[in-house]
Amino acid sequence: MELRQLQYALQIAAERNFSRAADKLHIAQPSLSQQLSKLERELGVLLFQRNTSSVELTHAGEKFVEQAQIIIDAVELLRQEMSDISQLRSGRVVVGSMPITGAHLLPHVLPVFKQKYAEVEITLLEDSSMNLEKLTASGQTDLSLLSLPLEIPTLAFEVLGEERIDLAVPGEHRLASRSAAGIRTFLEELKDEPFIVLKEGQGFRKMTVELCREAGFEPRIVFESNNMETVQSLVAAGMGVTLVPHFIARAPRSEFVPVYLPLAEPVPSRTLVVAYRRGRYLSKAAEAFMKTFKTTVADLAKE
């Protein structure tokens, strides 16, 4: 059974005449009759009762035409939806994000994207970097905002840019005065400091520990939290120090605000990426979101 045969049957039912139906379909009448006969043989039923003066639907024909119309309408709707998606008049993108990064980057990205593509639906999914990699690899997100390195080899990525890592200390800390003076701090100077970090499973916690080890010491962790805002508030309250991604340090949302200091050369940084499953088809909406993300992050990095 072919889609065109359904269309032929519907046209014959509407015209009740083979000649007029053939004219409307822009095909020869013998071809139309041949296609209908082929369809009836395949179905094993007679769809139309041919008389010398008219064509009438049989009982089977009535049922067939009813269902055929539903199918044709659904196909037309599908074509229109695909056209809308291809032209970015509609669509849906599931975006995964690390909470500490998404909270500070997505408010810059989403308004820009929605202004350009108002009918594209964005669904956000926040989780740890480890879980986001798994969700993205299994196709449960179209894209995920992550940082390198990625643990799952089936993920591909587009680089958004480099984000420097800053140091956060309490306002009364011995290093706090360096902020106004523009003096950079070496990580080695923190070897005896109490550290407040994110809990296991979050990529930035792993990065913090690795940076300290590269500087020659194991961080003395005194508090852990799932939330970077909590980490920064505890630092501001004098409970310890921490490392903070620069985009997050720019806009603390808590009334307890630590002092942020740049670190000495070589300045540590992380590479932000938009990851997706390797070989996965990316819709035009997903590609547009990725492009908007890259442009917005590049603009923020210049500020």
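1. Things to note about empty space enclosed by the protein
Here is step 1 of the chain: Evaluation of the coordinates by the stated rule reveals one cavity of 30 Å³ or more.
Here is step 2 of the chain: Looking at the largest cavity, its volume works out to about 40 Å³.
Here is step 3 of the chain: Contributing to the lining of the largest cavity are Met98, Pro99, Ile100, Asp127, Ser128, Ser129, Leu198, Gln202, Gly203 and Phe204.
Here is step 4 of the chain: Secondary structure elements with two or more residues in the lining of the largest cavity: α5 (99-116) and α8 (203-214).
Here is step 5 of the chain: In the lining of the largest cavity, the residues fall into five nonpolar, four polar and one charged.

2. Quick notes on the packing of aromatic side chains
Here is step 1 of the chain: Scanning the entire structure with this criterion turns up four aromatic pairs.
Here is step 2 of the chain: An angle of 40° between the planes, with centres 6.2 Å apart, marks the rings of phenylalanine 195 and phenylalanine 217 as tilted. Of this pair, phenylalanine 195 sits in strand β7 (residues 194-198) while phenylalanine 217 sits in the loop between α8 and β8 (220-225), and the two are 22 residues apart along the sequence. In terms of burial, phenylalanine 195 and phenylalanine 217 fall into one category: buried.
Here is step 3 of the chain: Centre to centre, the rings of phenylalanine 289 and phenylalanine 293 are 5.7 Å apart; their planes meet at 85°, and the pair counts as edge-to-face. Within this pair, phenylalanine 289 and its partner phenylalanine 293 are both found in helix α11 (residues 284-302), separated by four residues, close to a single helical turn. Of the two residues, phenylalanine 289 and phenylalanine 293, neither departs from the other in class, the shared state being buried.
Here is step 4 of the chain: Among the aromatic residues, those joined into a ring-pair cluster are Phe113, Tyr117, Phe289 and Phe293.

3. Things to note about the packing of helix α2 (residues 18-25) against helix α3 (residues 29-43)
Here is step 1 of the chain: Packing of α2 against α3 leaves a shortest axis separation of 9 Å and a crossing angle of 105°. As summarised for this structure, α2 and α3 are arranged roughly perpendicular, according to the angle between their axes. Taken together, the residues of α3 that come into contact with α2 (itself represented by Phe18, Ser19, Ala21, Ala22 and Leu25) are Gln29, Leu32, Ser33 and Leu36.
Here is step 2 of the chain: Residue composition of the contact of α2 with α3, grouped by class: six nonpolar, three polar and no charged.

4. Focus on the side chain of histidine 173
Here is step 1 of the chain: Relative to the helices and strands, histidine 173 is located in the loop between β6 (155-169) and α7 (178-181).
Here is step 2 of the chain: Reaching out from histidine 173, the side chain makes a polar contact with the backbone nitrogen of leucine 175 at a distance of 3.0 Å.
Here is step 3 of the chain: Beyond its immediate stretch of four places on either side in the chain, histidine 173 contacts Glu193 and Val241.

5. Regarding the nonpolar core
Here is step 1 of the chain: Counting residues in each nonpolar core, the largest one holds 30 residues, and the members touching the most others are Leu167, Leu187, Leu190, Phe195, Phe204, Met228 and Leu243.
Here is step 2 of the chain: Mapped onto this core, the elements with two or more residues apiece are β6, β7, α8, α9 (228-236), β9 (242-245), α10 (246-249) and β10 (259-262).
Here is step 3 of the chain: Those residues in contact with leucine 190 that sit more than four places away from it in its chain are Leu167, Leu175, Phe195 and Phe217.
Here is step 4 of the chain: Of all hydrophobic cores here, the second largest spans 27 residues; its members include Leu145, Val274, Ala286 and Met290.

6. Remarks on the pattern of salt bridges
Here is step 1 of the chain: Under the definition given, this model contains 17 salt bridges.
Here is step 2 of the chain: The residue aspartate 166 makes a salt bridge to arginine 164 at a minimum N-O spacing of 2.7 Å.
Here is step 3 of the chain: In this structure aspartate 166 comes out as buried when scored by relative accessible area, which is 2%.
Here is step 4 of the chain: Taking the relative accessible area as the measure of exposure, arginine 164 reaches 33% and is therefore partly exposed.
Here is step 5 of the chain: Salt-bridge contacts for arginine 205 lead to glutamate 224; the nearest nitrogen and oxygen are separated by 2.9 Å. Here the residue arginine 205 occupies a position in helix α8, and glutamate 224 occupies one in strand β8, the gap between them amounting to 19 residues.

7. Comments concerning the pairing of strand β3 (residues 91-97)
Here is step 1 of the chain: Burial of β3 is extensive: six of the seven residues sit out of reach of the surface.
Here is step 2 of the chain: The handedness of the β3 to strand β4 (residues 120-126) crossover, carried by α5, is right-handed.
Here is step 3 of the chain: Relative to strand β5 (residues 143-147), β3 is paired through three bridges, and the arrangement is parallel. The residue bridging glycine 96 from the neighbouring strand is serine 144, located in β5.

8. Details of the packing of α5 against α11
Here is step 1 of the chain: Following both chains from N to C, one finds α5 and α11 inclined at 125°, their axes separated by 9 Å at the closest point. Classified by the angle between their axes, α5 and α11 sit oblique to one another. The handedness of the crossing between α5 and α11 is right-handed. For the pair α5 and α11, contact is made by Leu105, Leu106, His108, Val109, Leu110, Val112 and Phe113 and by Ala285, Ala288, Phe289, Thr292, Phe293, Thr296, Val297 and Leu300, respectively.

9. A look at a nonpolar patch on the surface
Here is step 1 of the chain: Taken together, the side chains of Met1, Leu43 and Val45 make up a nonpolar region of the molecular surface, amounting to roughly 240 Å² of accessible area.
Here is step 2 of the chain: Positionally, leucine 43 belongs in helix α3.
Here is step 3 of the chain: On the basis of relative accessible area, leucine 43 is assigned to the partly exposed category, the value being 30%.

Cut-off values and rules
- Residues numbered from 1 in each chain as written.
- Predicted model: local features only at pLDDT ≥ 70, side-chain atom pairs only at ≥ 80, totals over all residues.
- Heavy atoms only, no water.
- 1 Å grid on protein atoms, 1.4 Å probe; cavity = no way out; pocket = protein on both sides within 12 Å on 5 of 7 lines; lining within 4 Å.
- Points joined across faces, edges and corners; volume = space filled by probe spheres on them.
- Helix = DSSP H or I, 4+ residues; strand = E, 2+ residues; numbered from the N terminus.
- Nonpolar A, V, L, I, M, F, W, Y, C, P; charged D, E, K, R; others polar.
- Phe/Tyr/Trp six-rings, centres within 6.5 Å; stacked < 30°, edge-to-face > 60°.
- Buried < 20%, exposed > 50% of the residue type's maximum accessible area, 1.4 Å probe, protein only.
- Axes fitted to C-alpha atoms, helices over the stretch in contact; angles between N-to-C directions.
- Parallel < 35°, antiparallel > 145°, perpendicular 65-115°, else oblique.
- Contact = heavy atoms within 4.5 Å.
- Polar contact = N/O pair within 3.5 Å; in protein donor to acceptor, adjacent residues only side chain to side chain.
- Core = buried A, V, L, I, M, F, W, Y, C linked by side-chain atoms within 4.5 Å.
- Salt bridge = Lys/Arg side-chain N within 4 Å of Asp/Glu carboxyl O.
- Right-handed = clockwise from strand over helix to strand, strands pointing away.
- Pairing = 2+ DSSP bridges.
- Left-handed = near helix turned anticlockwise from the far one by under 90°.
- Patch = residues over 30% accessible without salt bridge, like charges linked within 9 Å, V, L, I, M, F, W, Y side chains within 5 Å.
- Areas by Shrake-Rupley, 256 points an atom, 1.4 Å probe, with all protein chains shown as cover.

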